[in-house]
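# Examining the three-dimensional arrangement
Given next are the chains, with one letter for each unit.
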Number of protein chains: 2
Amino acid sequence: MFYVIGLGLCDEKDITVRGLEAVRKCSRIYLEAYTSILLVDKEKLESFYGKPIITAYRETVETESDEILRNAKEEDVALLVVGDPFGATTHTDMLLRARELGVPTTVIHNASIMNAVGACGLQLYNFGQTVSLPFYTDSWKPDSWYDRVVENVEKGMHTLVLLDIKVREQSEENMARGRKIYEPPRYMNPVTAVSQILESEIIRAASASSEEPKIHGYLKPESTLAIALSRVGSPDKQRIVCGTLQQLSELTEDDFGEPLFSLVIVGKRLHELEVQYSEAWAVDKAEWARVAKEVYGARLDS
Amino acid sequence: MFYVIGLGLCDEKDITVRGLEAVRKCSRIYLEAYTSILLVDKEKLESFYGKPIITAYRETVETESDEILRNAKEEDVALLVVGDPFGATTHTDMLLRARELGVPTTVIHNASIMNAVGACGLQLYNFGQTVSLPFYTDSWKPDSWYDRVVENVEKGMHTLVLLDIKVREQSEENMARGRKIYEPPRYMNPVTAVSQILESEIIRAASASSEEPKIHGYLKPESTLAIALSRVGSPDKQRIVCGTLQQLSELTEDDFGEPLFSLVIVGKRLHELEVQYSEAWAVDKAEWARVAKEVYGARLDS
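Residues numbered from 1 in each chain as written. Chains lettered and ligands numbered in written order. Predicted model: local features only at pLDDT ≥ 70, side-chain atom pairs only at ≥ 80, totals over all residues. Heavy atoms only, no water.

Further remarks concern the overall build of chain A. Scanning chain A from terminus to terminus reveals 12 helices and 12 strands. With the principal axes as the frame, chain A shows a C-alpha extent of 60 × 50 × 35 Å. Across the 302 residues of chain A, 54% fall into the buried class. Pairs at least 24 residues apart make up 72% of the contacts formed inside chain A by residues separated by at least 6 positions. Counting every atom, chain A has about 12900 Å² of accessible surface; 48% of that belongs to carbon and sulfur. Of the side chains in chain A, 34 bear a positive and 47 a negative charge, and the two mean positions are spaced by 4 Å. (Helix = DSSP H or I, 4+ residues; strand = E, 2+ residues; numbered from the N terminus. Buried < 20%, exposed > 50% of the residue type's maximum accessible area, 1.4 Å probe, protein only. Contact = heavy atoms within 4.5 Å. Areas by Shrake-Rupley, 256 points an atom, 1.4 Å probe, with all protein chains shown as cover. Lys, Arg positive; Asp, Glu negative; His and termini not counted. Charge placed at Lys NZ, Arg CZ, Asp CG, Glu CD.)

This is the structure in structure tokens:
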């Protein structure tokens with residue numbers, strides 16, 4: 001049996017009882033270690049499971065899927081995945097490959113940011129499509145995410161913005177010399193995310209013409225509400241901060257807690273209960289309520 | 001401490017290790033029993049936790065929240081919730097109330113249909129807003145969900161359709177006489193769901209005029225792909241069936257497995273990997289691939 005097991009959000013205790021029982025009977029256990037990051041060391045997982053774990057980097061999962069699946073018709077093999085197993089296309093690929101090989105598969109679900117984002121107080125059914133915000137460089141600022149956000153904004157939906165992480169990056173020099181030396185992991189902080197969003201907003205606005213008036217003005221700094229989340233689901237380190245994009249852009253990295261981060265751009269279909277719940281984390285509660293009421297049209301009593 | 005603990009999708013083993021540890025130290029444990037249904041008896045949960053459980057119906061949670069929160073500054077009290085704690089607004093209400101009373105709270109996340117729907121092979125980030133399909137009656141066919149689906153369809157997004165459940169319903173007679181006798185629970189089957197969807201499609205089409213050409217034709221039976229899911233996450237009872245709405249409408253209730261059910265209306269932004277993965281459950285594989293290619297424009301090799 002080939003198990004793909006979601007580990008949930010934070011540490012070794014976020015696995016489900018069903019998942020833990022499956023792991024403990026597996027003869028080989030791989031930990032997928034590039035589409036997301038668990039906030040706990042591999043050693044801690046190993047001691048909790050009482051089993052050794054093989055770290056599977058992108059190159060392993062994508063090129064050595066048959067090695068992972070080796071003998072899985074007879075043995076129990078597990079691929080552990082941060083969040084839920086269907087959070088990344090690579091795991092779907094692996095399950096397809098197992099199906100081709102006639103290996104039976106079991107998926108064990110868990111929380112992922114795709115549903116745990118509800119912690120910010122916005123209702124999940126009002127979220128539209130999810131976007132990923134990549135790190136910009138001086139010469140490369142891919143902003144196709146902006147079009148997706150506009151589609152959501154036009155219909156009043158909230159947008160979950162997944163912030164880039166860079167794991168096992170090689171410097172240009174090391175890559176040129178073929179040295180497998182990797183840079184320390186980088187996690188996009190909400191400060192960078194908001195700054196990139198506002199940069200793209202300015203670029204879009206500048207390129208707007210009378211024929212295409214619609215391509216700018218969707219994410220105005222003073223009138224767009226956003227919520228930054230860090231370490232969602234952590235019993236002691238979860239932090240949520242919300243305000244207008246302008247307000248968030250004036251904070252420092254330390255204000256947002258520790259990685260991993262995500263960001264929500266609040267859509268216009270905003271219920272008063274959502275405003276009230278998230279208000280607890282507002283940079284400025286009065287301004288949060290004012291924009292929610294005057295710009296978003298939320299029916300607040302006060 | 002007031003804990004709101006997600007139980008996940010199916011049975012007693014879907015709780016997380018963190019959740020289980022919390023439950024076991026609580027002095028009062030409530031099981032929320034109306035926004036969704038766990039596929040296991042309360043007794044089985046009690047024996048697994050080694051603790052008695054109080055079933056909390058809608059009237060309890062909404063009117064007696066202060067009883068649930070009684071003494072929760074000193075004691076540990078848990079509200080157990082099927083899926084993830086933020087799946088229903090009632091739990092947000094309870095957390096707000098706890099906050100007002102100065103009771104510290106901890107939320108323990110888990111899988112819910114909102115992320116586990118990825119099991120059907122469609123990528124979660126391509127889902128738009130989620131809709132709920134209520135049971136129609138002869139005189140009441142509320143179809144505001146149709147407008148939400150159209151918003152998703154226009155942008156190529158997939159739509160998760162949550163199918164109605166009726167728990168603790170009273171017959172008109174019993175209600176009139178004030179008798180607290182409840183009908184057996186009802187779960188909407190995909191057969192009913194598809195039939196209601198096609199009914200609304202016809203009503204919308206009939207009411208269409210040249211001024212409003214857009215309000216119909218979004219969910220044509222022969223060219224709209226859909227995926228029905230039952231018991232997602234169950235190790236042995238999960239069933240997925242997919243095809244055009246027309247094909248699904250020709251099946252019987254038994255073809256879809258056991259409750260709970262949900263349905264996905266497939267959006268046009270459909271990747272070949274998604275088609276390939278879900279094809280395994282198609283009523284007719286060739287037709288599934290043909291519609292995906294010719295109507296949806298998925299780039300399939302064959």
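Next comes the rest of the description.
Attention shifts here to the nonpolar core. Core analysis: the biggest nonpolar cluster contains 97 residues, and Phe2, Ile227 and Val264 of chain A together with Phe2, Ile227 and Val264 of chain B have the highest contact counts within it. When residues no more than four places from it in sequence are discounted, the contact partners of Val264 of chain B are Val117, Cys120, Leu122, Phe127, His158, Thr159, Leu160, Leu225, Ala226, Ile227 and Leu229 of chain B. (Core = buried A, V, L, I, M, F, W, Y, C linked by side-chain atoms within 4.5 Å.)

For the match of chain B to chain A, the screw axis carries a shift of 0.0 Å, the RMSD comes to 0.0 Å, and the turn is 180 degrees. Viewed as a symmetry operation, the transformation between the two copies matches a two-fold axis. Taken as a fraction of all interface residues of chain B, those also at the interface in chain A reach 100%, which identifies the copy contact as same-surface. (Least-squares fit on C-alpha atoms with pLDDT ≥ 70 in both.)

With that settled, consider the pattern of salt bridges. Side chains that carry opposite charge are capable of pairing whenever their charged atoms lie near each other. Using the criterion set out here, one finds 42 salt bridges over all chains in the structure. Its salt-bridge partner being Asp11 of chain B, residue Arg18 of chain A comes within 2.8 Å of it at the nearest N-O pair. Highlighted residues: Arg18 of chain A in helix H1 (residues 17-24) and Asp11 of chain B in the loop between strand E1 (2-6) and helix H1 (17-24), drawn from two different chains. Residue class for Arg18 of chain A comes out buried when judged on its relative accessible area of 14%. (Salt bridge = Lys/Arg side-chain N within 4 Å of Asp/Glu carboxyl O.)

Residues that lie three or four places apart on an α-helix share one face, since the helix turns once every 3.6 residues. Residues and elements named next belong to chain A. In a regular helix each residue adds 1.5 Å, so 13 residues correspond to 18 Å; helix H5 (residues 89-101) covers 19 Å between its end C-alpha atoms and thus fits that length. Those residues of H5 not exposed but buried are Thr90, His91, Thr92, Met94, Leu95, Leu96 and Ala98. Where H5 ends, the next residue or the one after it, Gly102, has phi of about 75 degrees, a positive value. (Expected span 1.5 Å × (residues − 1).)

Here we take up the UniProt feature "binding site: S-adenosyl-L-methionine" (unreviewed entry) in chain A. Sites flagged by UniProt as "binding site: S-adenosyl-L-methionine" (unreviewed entry) map to Leu9, Asp84, Gly87, Ser112, Ile113, Leu163 and Val232 of chain A. Tracing the backbone through its elements, the reader meets Leu9 of chain A in the loop between strand E1 (2-6) and H1. Setting aside anything within four residues of it in sequence, one finds Leu9 of chain A in contact with Asp14, Leu38, Leu39, Ala111, Ser112, Ile113, Ala116, Val232 and Gly233 of chain A together with His109 of chain B. Looking at where Asp84 of chain A falls in the secondary structure, it is placed in the loop between strand E4 (77-81) and H5. Exposure remark for Asp84 of chain A: the relative accessible area of 2% places this residue in the buried category. Excluding residues within four positions of it along the chain, Asp84 of chain A makes contact with Gly6, His109, Asn110, Ala111 and Ser112 of chain A together with Asn115 of chain B. (UniProt positions renumbered as here; feature names shortened; annotations may be inferred.)

Next up on the list: the interface of chain B and chain A. Contacts between the two partners involve 52 residues from chain B, matched on the other side by 52 residues from chain A. Approximately 4600 Å² of surface area, both sides summed, lies buried where chain B meets chain A, with 57% of it carried by carbon and sulfur atoms. Per-residue buried area on chain B facing chain A is highest for Arg18, Phe86 and Tyr277 of chain B; these three make up 15% of the total on that side. Counting the contacts that link chain B with chain A gives 10 salt bridges. Between Glu21 of chain B and Lys13 of chain A there is a salt bridge, and its shortest N-O distance comes to 3.1 Å. Across the chain B-chain A interface, the total number found is 28 residue pairs in polar contact (both at pLDDT 80 or more). Elements represented by at least two residues in the side of chain B that touches chain A include exactly H1, helix H5 (89-101), helix H6 (113-116), helix H7 (144-154) and helix H11 (272-278) of chain B. At 6 residues, H5 of chain B tops the list of elements feeding residues into the side of chain B that touches chain A. (Buried area = accessible area lost by both parts, 1.4 Å probe. Polar contact = N/O pair within 3.5 Å; in protein donor to acceptor, adjacent residues only side chain to side chain.)

Moving on, we come to the packing of aromatic side chains. Under the counting rule described, the total for this entry stands at 8 aromatic pairs over all chains. Ring centres of Tyr277 of chain B and Trp281 of chain B lie 5.6 Å apart, and the angle between their planes is 70 degrees; on these two criteria the pair is classed as edge-to-face. A connected cluster of aromatic rings, assembled from ring pairs, spans Phe86 of chain A together with Tyr277 and Trp281 of chain B. Residue placement shows Arg186 of chain A over the ring face of Phe135 of chain A; its charged tip is 4.3 Å from the ring centre. Sitting over the ring of Trp281 of chain A, Arg99 of chain B keeps its end group 5.3 Å from the ring centre. (Phe/Tyr/Trp six-rings, centres within 6.5 Å; stacked < 30°, edge-to-face > 60°. Lys NZ or Arg CZ within 6 Å of the ring centre and 35° of its normal.)

Residues and elements named next belong to chain B. In terms of residue burial, strand E11 (residues 239-244) counts as a mostly covered element, since 5 of its 6 residues are buried. In terms of strand pairing, strand E10 (residues 225-230) meets E11 through 6 bridges, oriented antiparallel. Along E11, the bridge assignment pairs Leu229 with Ile240. (Pairing = 2+ DSSP bridges.)

Right, let's talk about the environment of Tyr49 of chain A for a bit. Residue and element names in this part refer to chain A. Along the chain, Tyr49 falls in helix H2 (residues 42-49). Since its relative accessible area comes to 4%, Tyr49 is described here as buried. Residues Tyr49 and Glu12, 37 residues apart in the sequence, show an inter-C-alpha distance of 8.8 Å. Dropping the residues within four chain positions of it, Tyr49 is found in contact with Leu7, Ile15, Leu20, Val23, Arg24 and Leu80.

In this fold, His109 of chain A is placed in the loop between strand E5 (105-108) and helix H6 (113-116). Residue classification places His109 of chain A among the buried residues on the basis of a relative accessible area of 7%. Those residues in contact with His109 of chain A that sit more than four places away from it in its chain are Thr16, Asp84, Pro85 and Phe86 of chain A together with Leu9, Ala111, Ala116, Ala119, Val232 and Gly233 of chain B.

Counted according to the given criterion, the structure contains 0 disulfides over all chains. Lacking any disulfide linkage, Cys10 of chain A is separated from the closest cysteine sulfur, that of Cys120 of chain A, by 16 Å. Residue classification places Cys10 of chain A among the buried positions, given a relative accessible area of 3%. Of all cysteine sulfurs, the one in Cys10 of chain B lies closest to Cys26 of chain A, which takes part in no disulfide; the gap is 19 Å. (Disulfide = S-S within 2.5 Å.)

So, on to the side chain of Ser278 of chain B. Residue and element names in this part refer to chain B. Position of Ser278 relative to the elements: it lies in helix H11. Accessibility expressed as a relative area gives 0% for Ser278, which makes it buried. Here the side chain of Ser278 touches Glu274 through a polar contact of 2.7 Å, landing on its backbone oxygen. Look past the residues within four positions of Ser278 in its chain and what remains in contact with it is Cys120, Ile227, Cys242 and Trp288.

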